[in-house]
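Next come the chains, spelled out residue by residue.
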Amino acid sequence: MKKLSKSAPTTFGLFTVKSKTAHVLAGCLACLGTIGTAIIPNSNLSLHAEEVATATDSVPTLVEKLQSDDDDTRWKAARELGRLGARSADAVPALLAAMQDPDTAVRHHAAIALGRIGAKEEKIVEALIAAVGDTDSGVRIAAVNSIRQLVDDPEVIVPMTVQVMEKAHPLFASRMVETIVMRGEKALPFLNAALSNEKAAYWACLAIEELGPVAAPTTPALIQLIGNTSDTDTKVQALLAIAKIGPAAKDAQGEVLKALESSDPSIVTAAAFASGAVGFDAATPKLERTVSSDEPLLALVSRWALAKLHPENPELTQSAVDQLVAALGNDDPSIRLAAAKGLQSLKVDPEILGPRLIAMLNDSDPVVAHNLVDALASLGEPVAKKAGENLSKEEHQDLAVAVLKELGPKAKSAIPDVVEALAAAEGEFRRDLQTVCGQVGPDAAAATRELARSLKSDEESTRISALFALGSIGPQANAATGDVESFMDSATDPFEKLLAAWAISKLAPTDETKIAKIVPVLVNGLTFPDQRVQAEAIMTLESLGSAASSATDALTALANDQTAQPEMRSLAESAAKAVSAN
């Protein structure tokens, strides 16, 4: 297992350029501690709305079916083996092989089955840890849930994770960084254990950096790590973790001040960043010296830190802003990145800073460009209109829409520009604009006509994003209800049909005729192999209340299904109570 090389474009904290490799174990460390039910549909998943089957086949027969050439036969066999639980122990070798199946649903149910069987063999846990890097998020979630069923001791999981990661393909890293850094305080016992493991400590620090303030209970272990480690990369990353925890890490002041005296510029820079982020006023004398450092990044971070520590001093703030804006034009991408992130955290007049940042949006370095997006988004609503105006400029289009996506509901002032851009937009650009509309919600009602037009697109992802946007806008987009209903009637893909039903529930929540029509579609969603889709169907039925009373039996059956996941049973029980007509 390798860390970031010294030559990698690494900066610090707010200023960190994280390579994909650097996130490999970070994602695993964060996600193995806890997992929630992710209600995020995955359009790449092959979804099957089948009736709930009963385990009528014997284990040998099901194992044989796992070898079938038919995808449906294989995933159903894996599902049935999981329902049999410990009785399927003889099927473990076949299920381990199924974890490599080309079909997503097969891998998903194989991962669930391995957890339900309950065998705690090392090879099973290692296979599940490896599946945390699967290409599909549903498989990753199933793997994490099964790991938690088999092993709950962080002292056991950490070394096993390290072993798996040392053998993992580099692609594992990109998958982890994209979707598997899970946040939550339940991850902390695992992270604390990882900080005491020499090979895992660096990666644990990366995970803690992602978690931020919620990881405050790891501060004592981080302090010990900073004081004891002789590895520069690990010490730097631990300091950055302290910085991202913020003021709750105030007990780290002693070690951070010691780090400011280091002869290694990278350690001093990380310590300077931590001083500004946490609020160590005692670092001021040292920072006043390091602003004159020959190391450009150290000087820049030191100036930023002084401005953060002394917000009452307008001269320090103005000096920091001037230097950070000037650094946006530096030849070194790491300096430009530091500047963008530094500006994001300082309170600067958006009318002054916004145009200067937008002028930099065509930065050729993707990491710098991404952080310019963050910096612009941090300015809030005032920058939305300016970003909207840039949607018509092809060279700024992609990053302008990225700013709007980052702004979320605060992008509402750009909706007129978004609607105008939608008229000619295609492909990913159109989908991104539709995402903006969905995030803005009811205030994006002006986009209703264009969103309805997208339902006729040949691209599945475009249709799906339009449905999400319409549902998110809600009754204000009621004019599209007929279009969505027609789409649902003609849809052949069960996921799109279900999504259309969800959208109608949001567009016309009081229309009894429409609701009566979508309830059977939502009930079909209760048997999807993907639990996220199941959960969304359950919660949508619950939101309809007694209007969905015809779903009571199906929800009650799911709530009483001992083979179903506890999360699904709990959701179904709550929904059954909500919809039952009293």
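Think of each chain on its own: its residues are numbered from 1, step by step along the sequence as written. Only residues with pLDDT of at least 70 are given local features in this predicted model, and only at 80 or more are side-chain atom pairs given and counted; all residues enter the totals for whole chains, interfaces and linings. With hydrogens and water set aside, each side-chain value is computed from the structure's full complement of heavy atoms.

A. The environment of Ala-200, seen in detail. Secondary structure counts use DSSP, requiring at least four H or I residues in a row for a helix and at least two E residues in a row for a strand, with both numbered from the N terminus. When you line up the elements, Ala-200 lands in the loop between helix H10 (188–195) and helix H11 (201–211). A C-alpha to C-alpha distance of 9.7 Å links Ala-200 and Thr-234, two positions 34 residues apart in sequence.

B. Summary view of the pattern of salt bridges. When a carboxyl oxygen of Asp or Glu lies within 4 Å of a side-chain nitrogen of Lys or Arg, that pair is called a salt bridge. Summed over the entire model, instances satisfying the criterion amount to 16 salt bridges. Here Asp-417 ties to Lys-385 by a salt bridge, and the two come within 2.9 Å at their closest N and O atoms. With Asp-417 in helix H24 (residues 415–422) and Lys-385 in helix H22 (residues 382–389), this pair connects stretches of sequence that are 32 residues apart. Whether a residue is buried, partly exposed or exposed follows from its accessible area with a 1.4 Å probe, protein chains only, as a fraction of its type maximum: under 20%, in between, or over 50%, in that order. Residue Asp-417 is classed as buried on the basis of its relative accessible area, which comes to 15%. The network of salt bridges with shared partners includes Glu-485, Asp-489, Lys-514 and Lys-517.

C. Local environment of the nonpolar core. Here, nonpolar core means buried Ala, Val, Leu, Ile, Met, Phe, Trp, Tyr and Cys residues that are tied together by side-chain atoms lying within 4.5 Å of each other. Grouped together as the largest cluster of nonpolar side chains are 74 residues, with contacts concentrated most on Leu-391, Leu-404, Val-418, Leu-433, Cys-437, Val-484 and Leu-555. If you tally residues by element for this core, the top one is helix H29 (residues 494–507), at 9 residues. Here, two residues are considered to be in contact whenever any of their heavy atoms come within 4.5 Å of each other. Every residue in contact with Leu-555, bar those within four places of it in the chain, is listed here: Leu-526, Ile-538, Leu-541, Ala-572, Ala-575, Ala-576 and Val-579. Counting 65 residues, the second-largest nonpolar core is a separate cluster that includes Leu-188, Ala-201, Ala-249 and Leu-306.

D. Geometry of a negative patch on the surface. Patches here are clusters of residues that have more than 30% relative accessible area and form no salt bridge, with a 9 Å joining cutoff for like charges and a 5 Å cutoff for nonpolar side chains (Val, Leu, Ile, Met, Phe, Trp, Tyr). All accessible-area figures derive from a Shrake-Rupley calculation using a 1.4 Å probe, and residue coverage is judged against the displayed protein chains alone. In this tally, Lys and Arg are treated as positive and Asp and Glu as negative; His is ignored, and so are the chain termini. Charged side chains are reduced to one point each, which is NZ for Lys, CZ for Arg, CG for Asp and CD for Glu. Taken together, the side chains of Glu-394, Glu-395, Asp-398 and Glu-428 define an acidic patch exposed on the protein surface. Looking at the element boundaries, Glu-395 is found in the loop between H22 and helix H23 (397–407). Of the residues examined, Glu-395 reaches a relative accessible area of 53% and is grouped as exposed.

E. Just helix H25 (residues 427–440), in detail. Helix span is expected to be 1.5 Å times the residue number reduced by one. Over its 14 residues, H25 extends 20 Å from the first C-alpha to the last, a length consistent with the 20 Å expected when each residue adds 1.5 Å. Counting buried residues along H25, 10 of its 14 residues qualify, which places the element largely inside the surrounding structure. Within the span of H25, buried status applies to Gly-427, Phe-429, Arg-430, Asp-432, Leu-433, Gln-434, Val-436, Cys-437, Gly-438 and Val-440. Turning to H25, the residues buried within the fold contact H23, H24, helix H26 (448–454) and helix H27 (460–473). Phi turns positive one or two residues past the end of H25, at Gly-441, with a value near 80 degrees.

F. Just the packing of helix H32 (residues 552–559) against helix H33 (residues 566–579), in detail. Close contact between H32 and H33 brings their axes to 8 Å; oriented N to C, the two are set at 150 degrees. Considering their axes alone, H32 and H33 lie roughly antiparallel with respect to each other. The chirality of how H32 crosses H33 is left-handed. When H32 is examined against H33, the residues Thr-552, Leu-555, Thr-556, Leu-558 and Ala-559 are found in contact with a partner set consisting of Met-568, Arg-569, Ala-572, Glu-573, Ala-575, Ala-576 and Val-579. Among the residues forming the contact of H32 with H33, the class breakdown is 8 nonpolar, 2 polar and 2 charged. Structural elements are reduced to axes, namely lines fitted to C-alpha atoms, with helices fitted over the stretch in contact, and the angle between N-to-C directions of any two is expressed from 0 to 180 degrees. Working definition: roughly parallel below 35 degrees, roughly antiparallel above 145 degrees, roughly perpendicular at 65 to 115 degrees, and oblique for all remaining angles. By definition, any crossing whose near helix is turned counterclockwise from its far helix by less than a right angle is left-handed, and any crossing with a clockwise turn is right-handed. Only Asp, Glu, Lys and Arg are considered charged, only Ala, Val, Leu, Ile, Met, Phe, Trp, Tyr, Cys and Pro nonpolar, and every remaining residue, Gly among them, polar.

G. Representation of the packing of aromatic side chains in the model. Paired rings are identified among Phe, Tyr and Trp, the last through its six-membered ring, by centres lying within 6.5 Å, and are further divided according to the angle between planes into stacked (under 30 degrees), edge-to-face (over 60) and tilted (the rest). Summed over the entire model, instances satisfying the criterion amount to 2 aromatic pairs. A centroid spacing of 5.5 Å and a plane angle of 55 degrees characterise the contact between Phe-468 and Trp-502, whose relative ring orientation is tilted. Placement of the pair is Phe-468 in helix H27 and Trp-502 in helix H29, with a sequence separation of 34 residues.

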